[in-house]
Amino acid sequence: MASSFTVCRLHTIGRGSLVKCLQKVDTFLHRNIGTNVVAVQEEKNGFKSLNAVQAERQEQAERSVLISCRSRTNEKKFLKYIANYGDIQKYFFYESYGMYAVVEFANKESVASLFEGTAIPSISHESLVPFKSRLLSMRNLDSVDLPNQPSGKKRQAQTSIPINELIQRLSKEESIDQQITSLTEAYQLTEENCRLRFLVCSLLKDIAAGFFPECTIKPFGSSVNGFGKLGCDLDMFLDLDGISGKKATMPKSGLFLEYQMKRANLERIVTQNILSVIGECVDQFGPGCMGVQKILNARCPLVRFAHQPSGFQCDLTANNRVAMKSTELLYLYGELDPRVRHLVFTVRCWARAHGITSSTAGAWISNFSLTVMVLFFLQRRSPPIIPTLDHLRDLAGPEDKSMIEDNDCTFVSDFSKIQLESNTETLEQLLCEFFEFYASFSFRTLSINIRKGKEQNKPEVAPLHIQNPFETTLNVSKNVNASQLDRFVAVCQESSWLIQQNNTAPSRDGTKGKANITPWGVSTLLLPSQVAGIKSRKRRIFESSSDRIKSLLESLKNTNNQQNQS
Ligand code: GTP
Ligand code: MG
């Protein structure tokens, strides 16, 4: 076991799950590598705040290196070679346009010592940018075909399984609740993927640290809020608060020194200038960073690029503290009750399968808006599954106080203060009710508001109005046009009907094989044939409901036949 490539897949489900997951990994690696493993400190009630998780992950990332293993490398030899430079705390391999290894040393000094032993590439026809980073290549001068190469099974890609495979997998489950759990397990970020995200932030930080040695680069959004799907983008936040936020105490009298600093009229201009320079450095010096675009005139200026070794699409922002707070809030809600994450994953996956959401920006509903819609629905259950944001603010202590540009972003960070009500609804009930709730929601007049946990009158004209939880005068779904909202409502109506018609697993005849797997339950909601069958609400008005149902049944039958024939 110790010699096999340790790409393991661990999942985080439920309350305090990230902590448990970290412990699982630590136990696993402790067994396999036998190094001293730092015990994960649990906080009150088994919960860890996102800030505590981030700090721990950042520290791990700083002790880590990313190594491309293009030359044929035997695992044992590889580890033996790397171990010359220090104790290996953890390691894993993954595939993304070639084999890569993430190696975490027990201490930072080992990285420095590895650098001492690392050669500068010798090239003859090109010139090198002499920027050294923790992205390295393992070369092998003995080009012999060595055994102990990672087998196909161990070369895990860092992307999610294709939808057809997911449909097959879900069809084999016994209940809708199991299907939903299985969907979350298939799609959520793995432990390794999460580590890799922090490592990429840490590599980027090394570039930015050339100008701002005290900066940090933190992931935010779905990479860390608990709702990330394998393959989701990596949103990064260049945090310079460590520099500008640290104000030395002024003496009451006498001499003191202050830094001379350049000034600009607006904070936005400072952010744009900083991102412009960092973006240029990423483009010119960043190994593995491709297709750098500086999108500085956006509402939130950003630098977008592809990090080829990890396969992540990256968005680097600065001065984006409200988004950091939204991330913390979503993380908190996801940790409060396991049903939150399961429902968000299922709804996100369903929405993607039907083209309600997209990976590109446009007039459609974003994953963030959709997540807020799920949270609002869960607040509207009787009794509510999650509390309102106002309630979380009321529970906050002085240490939680947070004002960002006049926006009150305060909410409780001590999970043990939050008392949940005893709602016992199953995932199946919740999913069906979700579709019904939004199939008949009065979007024309009402706004979705997770701060109050109640519908409010729309303050402005927009097809879909979801109040921004912290910048309360803003609508997070301002981009959504009427036809996209109509599509969402239409698919909710169809899905509500479909799930009720297909809510029991077909009886199995005991024979094994594909022919026995008929899509049912959640899998019918993801079928591509349904996507093609959904029409916009305007056209549907002219179609009788029996015609619609007939065509749905027909397409379902066709899909089943195709499955049985293959
Ligand atoms: P995916 O990337 O689609 O998986 O989801 P995501 O949650 O990461 O969304 P996205 O990359 O679009 O945005 C990253 C984060 O920025 C979100 O999780 C939010 O915290 C924040 N964010 C995005 N859009 C808005 C918005 O309109 N308002 C506010 N307040 N925050 C937003
Ligand atoms: Mg994102």
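Keep in mind that what you see is a predicted model, and the values were worked out from it rather than measured.

Our focus in this paragraph is the overall build of the protein. Summing up its helical and strand segments, the protein has 19 helices and 13 strands in all. Looking at the protein as a whole, 51% of its 566 residues are labelled buried. Intrachain contacts of the protein at a sequence separation of at least 6 include 69% that bridge at least 24 residues. A total of about 27,600 Å² of accessible surface is found on the protein, and carbon and sulfur atoms cover 52% of it.

Glancing now at the coordination of the magnesium ion (ligand 2). By definition of the ideal shapes, a tetrahedral metal site with four donors has angles of 109.5 degrees and an octahedral site with six donors has angles of 90 or 180 degrees. For the magnesium ion (ligand 2), the protein coordination sphere consists of Asp233 (OD) and Asp235 (OD), at 2.1 Å. Judged by its relative accessible area of 28%, Asp233 is partly exposed. Exposure remark for Asp235: the relative accessible area of 13% places this residue in the buried category.

By the element assignment, Ser496 lies in helix α15 (residues 482-501). Owing to a relative accessible area of 9%, Ser496 belongs among the buried residues under this scheme. Spatially, the C-alpha atoms of Ser496 and Glu433 are 7.9 Å apart, while their sequence positions differ by 63 residues.

Attention now goes to the packing of aromatic side chains. Considering all chains together, one arrives at 23 aromatic pairs under this definition. Look at Tyr91 and Phe93: their rings are 6.0 Å apart centre to centre, the planes differ by 85°, and that puts the pair in the edge-to-face class. Per residue, the accessibility class of Tyr91 equals that of Phe93, and both read buried. Each ring, one from Trp350 and one from Phe435, has its centre 4.9 Å from the other, and the planes form 50°; the classification is tilted.

With that out of the way, let us pick up the confidence of the model for the protein. Across the protein, the average pLDDT comes to 84, with 79% of residues at or above 70. Counting contacts from residues 1-42, a segment whose pLDDT is below 50, to residues more than four positions away or on other chains yields 104 contacts. Contacts from residues 529-546, a stretch scored under 50 in pLDDT, to residues over four places away or in other chains number 25 contacts.

Moving on, we come to a nonpolar patch on the surface. Residues Ile120, Ile123 and Leu128 make up a contiguous nonpolar surface patch of about 270 Å² in total accessible area. Of note, Ile123 is situated in the loop between α4 (109-116) and β4 (135-137). Relative accessible area serves as the criterion here: at 38%, Ile123 is assigned to the partly exposed category.

Rules and cut-offs
Sequence order as written defines residue numbering, which begins from 1 separately in each chain. Starting at A for chains and at 1 for ligands, labels are handed out in the order in which the entities are written. Only residues with pLDDT of at least 70 get local features here, since the model is predicted, and only at 80 or more are side-chain atom pairs given and counted; chain-wide, interface and lining totals rely on the full set of residues. For side-chain calculations, the full set of non-hydrogen atoms in the structure is used, while hydrogens and water are omitted. The way it works is that DSSP assigns letters per residue, a run of H or I at least four long becomes a helix, a run of E at least two long becomes a strand, and they are numbered from the N terminus. To sort residues, take the accessible area from a 1.4 Å probe on protein chains only and compare it with the maximum for the residue type: under 20% means buried, over 50% means exposed, and anything in between is partly exposed. Any two residues whose heavy atoms approach within 4.5 Å are treated as being in contact. With residues, only the protein chains shown are counted as cover, and all accessible areas are computed by Shrake-Rupley using a 1.4 Å probe. Coordination here is defined by N, O and S atoms within 2.8 Å of the metal (3.2 Å for Na, K and Ca), and since water is not considered, a site can look incomplete. Two aromatic rings, drawn from Phe, Tyr or Trp (for Trp, its six-membered ring), form a pair once their centres lie within 6.5 Å of each other, and the interplanar angle then sorts them: stacked below 30 degrees, edge-to-face above 60, tilted otherwise. Per-residue confidence from the prediction method is given by pLDDT, with values spanning 0 to 100. Without a salt bridge and with relative accessible area above 30%, a residue can belong to a patch; like charges are then joined within 9 Å and nonpolar side chains (Val, Leu, Ile, Met, Phe, Trp, Tyr) within 5 Å. Throughout this description, the term salt bridge denotes a Lys or Arg side-chain nitrogen within 4 Å of a carboxyl oxygen of Asp or Glu.

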